[in-house]
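Spelled out from the first residue to the last, the chains are:
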Amino acid sequence: MLRIVFLLLVLGNAGYYLWSHGYLAGMGLAPELQSEPQRLQEQIKPDALVLQQPEAAPAPEPAKTEPSEAPAVDDGAPASRPDAQADSKPEAKAEDAKPAKDAKTAVKEPETCYQASGIEEAQADSIRRALAGKSKSDWELVASHQGGRWMVYMGKFPDTEFLDRKRGELRLMNIDFDRAGGNLEPGLSLGRFSTEEAAQRQLATFARQGVRTARVVQERPDVTTYALRLPKATPTFRNEVAALAGKNLVPKALQACAK
């Protein structure tokens, strides 16, 4: 039964395909053609149809304005000169451009602290005279006092052998010593002191211990040196001060201050 139904379906589909595609038209079996030939017959001279471009819209005419009345002119007032007005404009521009040009050219130099040390009294006096025309706030001479130094001294000895013998004697007495140095050689230092009174007291102590040939000498006198200080100086001002000070400053003595 199912086979018969299946065969009928196959035959029905095949028949519909042949009928719909016109294969059975010879037998008078074909579907109706869906067309409207009458519309082609209703057209009137289709070949006379021409497509035209739309015309450009005309430009609008400018609005007409009535001439305005000229302002009243006082015959008694003097007429302004056009050339005077023209001359004033370049002058104004020149005045405006001048400050801008000056602002560009006037570049501010950096300010730095400079200092030169180890200046002696005579050199300091010369520098004071050379910089007398400069403002006191731009430079200063700072004094530095170094006090003298005294020594309990033994010497000068005639030779190295005599020096070694004195060293041996001081070791036996448990007294410390050192080289005297400088133009006091060959000799021995038994102590250095900032004041002559302190050195004399120590000499008296050594005398009680049996030292007989020692004495007090001044190893270094009192010294006052100066430092030239430029708190806020530009490189230009620094070079100017160095030129004014001249030989009183060692070349390249003005160095940046220590931070």
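Everything numeric in this text was worked out from a predicted model, so none of it was measured. (Residues numbered from 1 in each chain as written. Predicted model: local features only at pLDDT ≥ 70, side-chain atom pairs only at ≥ 80, totals over all residues. Heavy atoms only, no water.)

### What to know about the state of the cysteines
Within the structure shown, the criterion is met by one disulfide. With a sulfur-sulfur separation of 2.0 Å, C113 is cross-linked through a disulfide to C257. Residues C113 and C257 are joined by a disulfide whose S-S torsion is about -65 degrees; by sign, that bridge is left-handed. Taken together, the residues C113 in strand β1 (residues 112-119) and C257 in the segment after β8 (255-256) connect sequence positions 144 residues apart. Classification of C113 by relative accessible area gives buried; the value is 17%. (Disulfide = S-S within 2.5 Å. Helix = DSSP H or I, 4+ residues; strand = E, 2+ residues; numbered from the N terminus. Buried < 20%, exposed > 50% of the residue type's maximum accessible area, 1.4 Å probe, protein only.)

### Observations regarding the sheet that holds β8
Across the sheet, which stays open at both edges, the four strands sit in the order β2-β7-β1-β8 with antiparallel pairing between neighbours. Of all strands in the sheet, those bounded by a partner on one side alone are β2 (140-146) and β8. For β2 and strand β7 (residues 223-233), the ladder comprises seven bridges, and the chain directions are antiparallel. For L141, the partnering residue across the bridge sits in β7 and is L228. (Pairing = 2+ DSSP bridges.)

### Some thoughts on helix α5 (residues 160-172)
In this model α5 runs 19 Å from its N-terminal to its C-terminal C-alpha over 13 residues, within 8% of the 18 Å that 1.5 Å per residue would give. When α5 is considered as a whole, its buried residues turn out to be L163, K166 and L170. Here the buried residues of α5 occupy an arc of 65 degrees about the axis, which is enough to place them on one side. Away from its buried face by more than 90 degrees, α5 exposes E161, R171 and L172. (Expected span 1.5 Å × (residues − 1). Arc of directions from axis to C-beta.)

### Details of unusual backbone geometry
Residue K156 follows G155 across a cis peptide bond; omega there is -10 degrees. Along the polypeptide, K156 turns up in the loop between β3 (149-155) and α5. Omega for the bond connecting E185 with P186 falls within 30 degrees of zero, at -10 degrees, which places this linkage in the cis form. With a phi angle near 55 degrees, N174 is a residue other than glycine that sits in the positive phi range. In this fold, N174 is placed in the loop between α5 and β4 (178-179). Its relative accessible area of 70% is what places N174 among the exposed residues.

### A few points about the packing of aromatic side chains
A full pass over the atoms with the stated rule returns one aromatic pair. Positioned over the ring face of Y226 is R128, at 5.2 Å from the centre of the ring. A cation sits over an aromatic face here: R238 above Y114, 5.2 Å from the ring centre. (Phe/Tyr/Trp six-rings, centres within 6.5 Å; stacked < 30°, edge-to-face > 60°. Lys NZ or Arg CZ within 6 Å of the ring centre and 35° of its normal.)

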